[in-house]
Structures are given as C-alpha cells and as structure tokens.
Amino acid sequence: MFNDDLLTYLETYLTEERKQRFLDVLQNRTRWLTVALEDVYQMHNTSAIIRSCDVFGIQDVHVVEDRFGKRLDKNIAVGAEQWVDVHRYRTTSECLDKLKSNGYQIIATTPHNDSQLLEDFYPKTKTVLFFGTEKEGLSEEVVQRADGFLKIPMMGFSESLNVSVSAAIIIQELTQKVRDSSLDWHLSDIEILEKRLDWTKKSIKSVEGIIERYFSK
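Given the structure is predicted, the values throughout are model-derived calculations rather than measurements.

As for the nonpolar core
And step 1. If you look at the biggest cluster of nonpolar residues, it comprises 28 residues, and the most contacted ones within it are Val35, Leu37, Phe131, Leu150, Ile170 and Leu174.
And step 2. Going through the elements one at a time, β1 (33-38), α3 (43-56), β2 (60-64), β6 (127-131) and α7 (163-179) are the ones with two or more residues in this core.

This is how it looks when you write it as structure tokens:
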C-alpha cells in the first residue's frame, strides 16, 4: 500500500523547483511503449539507449543479460538509469514471457525486407521495441516470437546504424506519435505517486536514516 504521508514528509527535503520538475517529467512518462535490449555488448550503447528512453519519456527498459550480465551489473548504475526503471532478465525467454504476460506486443527492430517502415508503424496497443546486439542483431527466438518487424528507411550506401542511434530515432518517432494520439498512454495516478516517492528517495542523502527516524516516531 502506498504511503502518502511518507511522500509528503520526504518532499520537505526537496526544493519547490525539484518537486515541480518531478511532476512535469511524470506528466510525459509512459509505459505504453517500452524498450528491450538483448545482449547489447557495448556499455556506451546501453547507456545511450537508456538516456534516450529518459529524454523521450519511456519509463521502463528491459535488459537481457544472458552473455554480458556481469558487465552490465558493474556499469549500469549511473546517470539516467536512476530515473528509468531497468528490469533485468537472465534469458530472452524470461523477458519475452514477462512482457507478453503484461500485454505487450513484441516488435523486433530489424532491417529485413519484410519489416514495416518506421513512418508507417503506429503503436495502437502496448508495444515493446526489441533491439539486438551490435553485430548479430536479434536472436532467432525474438524473431520467431515477434508480433511484427520494424525498420528505419535507409537512403544511402550504409545498410545499418549504430544500435543506440537506431533506438533514439525509433523512440523519438513513436513516443511523439503516442503523445499526439488519443491513446491512454499516461502513467496512472498511483504510478505517478510511486515514481515521485522513488525519485524523492534517490534525491535525498542518507535517506535510509531519515526514513528510519520517520517510522520510529
């Protein structure tokens, strides 16, 4: 059960500007779109994609750590990651099962010829965008279980983009489409309260001691 009184108490440690900033950002956050990364090896690519999710308002990122999990656990704790919820999975199957059980359609980003062009794709239902490794792309499991395929149109000689660049382009385009729509894309009232509490805790030094003193009153 959400603790309104605790949130009210902890927010006294924030400036009015900080509290308003949280409210402004949360008004543009969504879980209608989410992103899944399958064994992205280069840490700067993972971090860049998470930053893009933060910048364009996607609240959740799902990271499959089958081969490179230890590297991610070691390096994924700074920057935009504190504002975006990063969900970790040991296997692709575990990630796919969880997202499908939560009502997401699986959209694999791939340059294959039968993929739908980004400009023609509209996320009419909750959608997870899957991005794969830099060299090998997505696994056969994701391809087989995907509900659809998506690609960025290429006009030059190059046939691919860096995965973080591709993700930024796709995320920006689709989040704008969702915001311009009549879809129920906003976070719920309780989700907003939960994120306010989470972000407030992350903004206060030695917050554990402050919370302990609050409950001992």
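The rest of the description comes next.
Considering the pattern of salt bridges
And step 1. In the structure shown here, the tally under the stated rule is 14 salt bridges.
And step 2. Measuring nitrogen to oxygen at the nearest pair gives 3.0 Å for the salt bridge that ties Glu11 to Arg196. Linking Glu11 in the loop between α1 (4-10) and α2 (16-26) with Arg196 in helix α8 (residues 189-202), this pair joins segments that are 185 residues apart in sequence.
And step 3. Residue Arg196 is classed as buried on the basis of its relative accessible area, which comes to 19%.
And step 4. With a closest N to O distance of 3.4 Å, Asp147 and Lys100 form a salt bridge. Pair noted here: Asp147 is in the loop between α6 (140-145) and β7 (148-151) and Lys100 is in helix α5 (residues 92-101), with a separation of 47 residues, a long-range link.
And step 5. Here the salt bridges do not stand alone but share partners, grouping Arg31, Asp60, Asp85, Glu191, Lys195, Asp198 and Lys202 into one network.

Here we look at the packing of α3 against α7
If you want to describe how two helices pack, look at the angle between their axes and the distance between the axes.
And step 1. The contact between α3 and α7 brings their axes to 9 Å, and the two run at 15°. Considering their axes alone, α3 and α7 lie roughly parallel with respect to each other. Of the two elements, α3 crosses α7, and the hand of that crossing is right-handed. Here Asn45, Ala48, Ile49, Ser52, Cys53 and Phe56 of α3 come into contact with α7, specifically with Val163, Ser164, Ala167, Ala168, Ile171, Gln172, Thr175 and Arg179.
And step 2. Among the residues forming the contact of α3 with α7, the class breakdown is 8 nonpolar, 5 polar and 1 charged.

Topic: the pairing of β2
And step 1. The element β2 is extensively covered by neighbouring structure, given that 5 of its 5 residues are classed as buried.
And step 2. Strand direction decides the pairing type here: β1 and β2, joined by 4 bridges, are parallel. Within β2, the position partnered with Glu38 by the bridge is Val64.
And step 3. For β2 and strand β3 (residues 85-89), the ladder comprises 5 bridges, and the chain directions are parallel.

Rules used throughout
- Residues numbered from 1 in each chain as written.
- Predicted model: local features only at pLDDT ≥ 70, side-chain atom pairs only at ≥ 80, totals over all residues.
- Heavy atoms only, no water.
- Core = buried A, V, L, I, M, F, W, Y, C linked by side-chain atoms within 4.5 Å.
- Buried < 20%, exposed > 50% of the residue type's maximum accessible area, 1.4 Å probe, protein only.
- Helix = DSSP H or I, 4+ residues; strand = E, 2+ residues; numbered from the N terminus.
- Salt bridge = Lys/Arg side-chain N within 4 Å of Asp/Glu carboxyl O.
- Axes fitted to C-alpha atoms, helices over the stretch in contact; angles between N-to-C directions.
- Parallel < 35°, antiparallel > 145°, perpendicular 65-115°, else oblique.
- Left-handed = near helix turned anticlockwise from the far one by under 90°.
- Contact = heavy atoms within 4.5 Å.
- Nonpolar A, V, L, I, M, F, W, Y, C, P; charged D, E, K, R; others polar.
- Pairing = 2+ DSSP bridges.

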